[in-house]
Amino acid sequence: MARANIRQIEAFNAVMQAGSVTQAADALFISQPAVTKLIQAFEKSCGFKLFQRSQGRLVPTPEARRLFAETYTFMTGVSRIENTALAIKNSQQGDLTVVAFPALSMRLMPWCAARYLSDKPDVRFSVLTRNSSDVPNSMISHAADFGLSLLPTRESTIVCQPFRRIFMVCALPSGHPLTEEVAITPHQLEREEIVCLGRDDQSRMVVEEAFARFGIKVGGRYEVQMADAACMLVAEGAGIAIVPSIASVGWEGHEGIVFRPLSVPVTMDVWLYTPTWDQPPALARMFLQEIDAGISEVEARLMKDAGDAPQFSAAGLA
């Protein structure tokens with residue numbers, strides 16, 4: 001006895017629901033002879049009669065009615081599988097886990113996620129905050145779909161490639177004389193109290209190297225581990241900080257802090273980590289595009305008062 005297939009069950013369900021071969025054919029977008037052939041094959045697979053003809057109409061047998069209770073449940077499950085597959089294909093369902101360094105994961109990434117997932121209620125999102133040097137460990141342990149770090153890695157299980165470049169900006173207390181400037185030069189910060197990031201922070205090293213070219217030493221009595229803490233100190237009037245542009249997210253309109261670009265671009269490279277054994281799912285790839293667009297949006301907003309000079313172009317730094 002041949003095994004029934006889904007197409008035969010689908011035709012049987014359609015006839016049971018529609019009450020005729022004609023309407024079932026219309027519902028399935030196939031010909032009436034094709035429906036009849038599928039029903040005959042299904043009857044052969046079942047080993048008993050499914051329909052009797054009475055006054056030109058198909059009348060289900062008692063066996064057919066009993067079988068319909070099962071096939072209806074089965075086809076409902078098939079439909080649910082198809083809908084789930086379509087949702088996954090269209091990035092409307094699934095799990096998304098990312099790992100990134102603090103300046104990115106604490107403000108910009110949640111901001112991007114909230115926008116990206118606003119129309120995706122069936123997507124579960126998790127973000128892991130790790131120092132750049134620890135991001136590879138999360139990828140090795142399969143804890144995330146992708147990682148973003150300020151440091152490249154040579155781990156054999158990770159594909160490491162440039163993601164984009166971000167630039168550093170100057171965070172100033174509101175009312176500070178330098179807020180009147182379009183862009184801040186390194187020499188204008190020479191005698192200012194600088195709130196520094198920790199010495200193991202990649203952005204700290206980038207800033208120190210850039211300012212050293214002008215003979216300026218970056219340092220002060222405040223040292224914090226995260227850019228957000230530096231911004232809070234600035235907002236309270238404790239000094240000035242040089243932070244990644246993405247650290248400005250969420251501070252817009254805050255009365256205590258203003259961000260200005262530096263006259264000489266100081267940039268950092270962000271590296272994308274993906275597993276060597278597989279590509280990130282479509283959901284993750286689309287979210288990466290959202291992050292990239294979010295960074296560009298933030299940097300464009302910060303640069304809008306810096307004129308059209310090429311060195312202040314967010315696109316030119318990306």
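Residues numbered from 1 in each chain as written. Predicted model: local features only at pLDDT ≥ 70, side-chain atom pairs only at ≥ 80, totals over all residues. Heavy atoms only, no water.

### Considering the environment of Tyr-72
Logical step 1: With respect to the helices and strands, Tyr-72 occurs in helix H4 (residues 62–89).
Logical step 2: Contact partners of Tyr-72, with chain neighbours within four places excluded, come to Asn-13 and Gln-17. (Helix = DSSP H or I, 4+ residues; strand = E, 2+ residues; numbered from the N terminus. Contact = heavy atoms within 4.5 Å.)

### Topic: the nonpolar core
Logical step 1: Core analysis: the largest hydrophobic core is formed by 67 residues, its most contacted members being Leu-104, Phe-146, Leu-148, Leu-189, Val-243, Phe-287 and Ile-291.
Logical step 2: If we ignore the near neighbours within four places in the chain, the residues touching Ile-291 are Leu-104, Leu-108, Met-109, Cys-112, Phe-146, Leu-148 and Phe-163.
Logical step 3: Core analysis: the next-biggest nonpolar cluster, separate from the first, contains 20 residues, Val-35, Leu-38, Ile-39 and Leu-50 among them. (Core = buried A, V, L, I, M, F, W, Y, C linked by side-chain atoms within 4.5 Å. Buried < 20%, exposed > 50% of the residue type's maximum accessible area, 1.4 Å probe, protein only.)

### Re the pairing of strand E6 (residues 158–173)
Logical step 1: With nine bridges connecting them, E6 and strand E11 (residues 267–275) associate as antiparallel partners. In the strand pairing of E11, Val-159 is matched with Thr-274.
Logical step 2: The sheet contact formed by E6 and strand E9 (residues 240–244) spans four bridges and is antiparallel. Bridging from a neighbouring strand, Val-169 pairs with Val-243 of E9.
Logical step 3: The sheet contact formed by E6 and strand E10 (residues 257–261) spans five bridges and is antiparallel. Of the residues in E10, the one forming a bridge with Leu-172 is Val-258. (Pairing = 2+ DSSP bridges.)

### Some details on helix H2 (residues 21–28)
Logical step 1: When H2 is considered as a whole, its buried residues turn out to be Val-21, Ala-24, Ala-25 and Leu-28. Down the axis of H2, the buried side of the element spans an arc of 100°, and every buried residue falls inside it. More than 90 degrees from the buried face of H2, the exposed residues found are Asp-26 and Ala-27.
Logical step 2: Tucked inside the fold, the buried residues of H2 contact helix H1 (6–18), helix H3 (32–46) and strand E2 (57–60).
Logical step 3: After H2 finishes, the residue Phe-29 shows a positive phi value of roughly 60°. (Arc of directions from axis to C-beta.)

### Considerations on the side chain of Thr-97
Logical step 1: With respect to the helices and strands, the residue Thr-97 is situated in strand E3 (residues 93–100).
Logical step 2: Look at Thr-97 and you get buried, because its relative accessible area is 18%.
Logical step 3: Dropping the residues within four chain positions of it, Thr-97 is found in contact with Ser-126, Leu-128, Ala-143, Ala-144, Asp-145 and Phe-146.

### Quick look at the pattern of salt bridges
Logical step 1: Taken as a whole and judged by the stated rule, the model has twelve salt bridges.
Logical step 2: Linking Lys-120 and Asp-119 is a salt bridge whose minimum nitrogen-to-oxygen distance equals 3.3 Å.
Logical step 3: Relative accessible area serves as the criterion here: at 7%, Lys-120 is assigned to the buried category.
Logical step 4: Here Arg-165 and Asp-269 are joined by a salt bridge, their closest N and O atoms 2.7 Å apart. On the criterion of sequence distance, the pair formed by Arg-165 in strand E6 and Asp-269 in strand E11 is long-range, its members being 104 residues apart.
Logical step 5: In this structure Arg-165 comes out as partly exposed when scored by relative accessible area, which is 36%.
Logical step 6: Residue Asp-269 is classed as partly exposed on the basis of its relative accessible area of 32%.
Logical step 7: Beyond isolated ion pairs, a larger network of salt bridges with shared partners links Arg-115, Glu-290 and Glu-297. (Salt bridge = Lys/Arg side-chain N within 4 Å of Asp/Glu carboxyl O.)

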